[in-house]
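Working through the structure, step by step
Chain by chain, the residues:
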Amino acid sequence: VVGKAGEVGGIFSAGAPSPEGQDKLVQEVAKNEDEIEAQQRVSVERYKKALQESATDSEEPWLLPEHPDEVRARMPPVDPSGPEMRCGEAIPPESRLVTRNIELRATSAFQGKHGKMYAWKYRLTFRNLGTETVQMLTRHWIFVDERGKLESEVKGPGARGVTPVLPPGGEWSYESGTTLPSAFGSMHGSFQFEVLKGEA
């Protein structure tokens, strides 16, 4: 929750691990809710620091981040012959993309059939290759089956309860999973970042 520059609020439970153990340039995947909460506390502290530093650097007004649906509406439609829709073809279980000096690496692993559904685990890693401090605000994932049918969609703030703040050289990862009714499928989507400190 953000108000004026420097005003940040949040709710954290007593007895949660200290964020100091999580305040590393390269953060490991959180293994439980306490570690997720500690990572979010680190992000809050980094956010406050970036706000304070940027408030002294310039007097420019704050830009409010766009809603994920607004970002999505500007994106070109998915190419029906593009790799995301060729679910019957083998594609590498990993991908890498760099946008505005933020590197995103995605890997997936098939977890087998569970009942009538097929399960996958995926891991996403963000690395800040630039000179700006940034925060990941939202995510939007679309999962399609082997026929190209939309099976599920995930969108909302942060990922796994964290809106990570990445200083230059910072890295953050998370793991999650999905199920599909078919043995093949794909996922694609986007993340929204905000520059907290640096060139806007």
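Let me sum up the structure you'll find in this document. Quantities reported herein were computed from a predicted structural model and do not represent experimental measurements.

1. Some points on the nonpolar core
Core analysis: the biggest nonpolar cluster contains 21 residues, and Leu124, Phe126, Trp141, Trp172, Tyr174 and Phe191 have the highest contact counts within it. Secondary structure elements with two or more residues in this core: strand E2 (102-114), strand E3 (117-128), strand E4 (133-145) and strand E7 (171-180). Looking at this core element by element, the count peaks at 5 residues for E3. When sequence neighbours within four positions are dropped, the list of residues in contact with Trp172 reads Gln27, Gln39, Leu124, Thr125, Phe126, Met136, Ala159, Val162, Pro164 and Leu166.

2. Description of the pairing of E4
Counting buried positions over the 13 residues of E4 gives 13, a clear majority of the element. As judged from the 12 bridges shared by E4 and strand E8 (residues 185-197), these two strands associate in the antiparallel manner. Bridged to Thr133 within E8 is Lys197. Across 2 bridges, E4 lies against strand E6 (residues 165-166) in antiparallel orientation. For Val134, the partnering residue across the bridge sits in E6 and is Leu166. The sheet contact formed by E4 and strand E5 (residues 150-157) spans 7 bridges and is antiparallel. The residue bridging Val144 from the neighbouring strand is Leu150, located in E5. What sits between E4 and E5 in their antiparallel hairpin is a turn of 4 residues, with Gly148 showing a positive phi close to 85 degrees.

3. Examining the pattern of salt bridges
Under the criterion given, the structure shown has 9 salt bridges. A salt bridge links Arg96 to Glu103; its shortest N-O distance comes to 2.4 Å. Given the relative accessible area of 55%, Arg96 is considered exposed. The buried category is assigned to Glu103, whose relative accessible area is 3%. With a closest N to O distance of 3.7 Å, Glu171 and Arg105 form a salt bridge. Taken together, the residues span a long stretch of sequence, with Glu171 in strand E7 and Arg105 in strand E2 at a distance of 66 residues. Judged by relative accessible area, which is 15%, Glu171 ranks as buried. Arg105 sits in the partly exposed class, given a relative accessible area of 28%. Among the charged side chains, a network of salt bridges with common partners joins Arg96, Glu103, Arg105, Arg127 and Glu171.

4. Focus: the sheet that holds E7
Here we have 4 strands laid out as an open sheet, ordered E1-E2-E3-E7, and antiparallel in their pairing. Each end of this open sheet is capped by a strand with a single partner; those strands are strand E1 (94-99) and E7. Across the sheet, the mean angle separating the axes of adjacent strands is 20 degrees when strand polarity is ignored. Here E3 pairs with E7 via 10 bridges, running antiparallel. Residue pairing in the sheet places Arg127 in a bridge with Glu171 of E7.

Parameters and conventions
- Residues numbered from 1 in each chain as written.
- Predicted model: local features only at pLDDT ≥ 70, side-chain atom pairs only at ≥ 80, totals over all residues.
- Heavy atoms only, no water.
- Core = buried A, V, L, I, M, F, W, Y, C linked by side-chain atoms within 4.5 Å.
- Buried < 20%, exposed > 50% of the residue type's maximum accessible area, 1.4 Å probe, protein only.
- Helix = DSSP H or I, 4+ residues; strand = E, 2+ residues; numbered from the N terminus.
- Contact = heavy atoms within 4.5 Å.
- Pairing = 2+ DSSP bridges.
- Salt bridge = Lys/Arg side-chain N within 4 Å of Asp/Glu carboxyl O.
- Axes fitted to C-alpha atoms, helices over the stretch in contact; angles between N-to-C directions.

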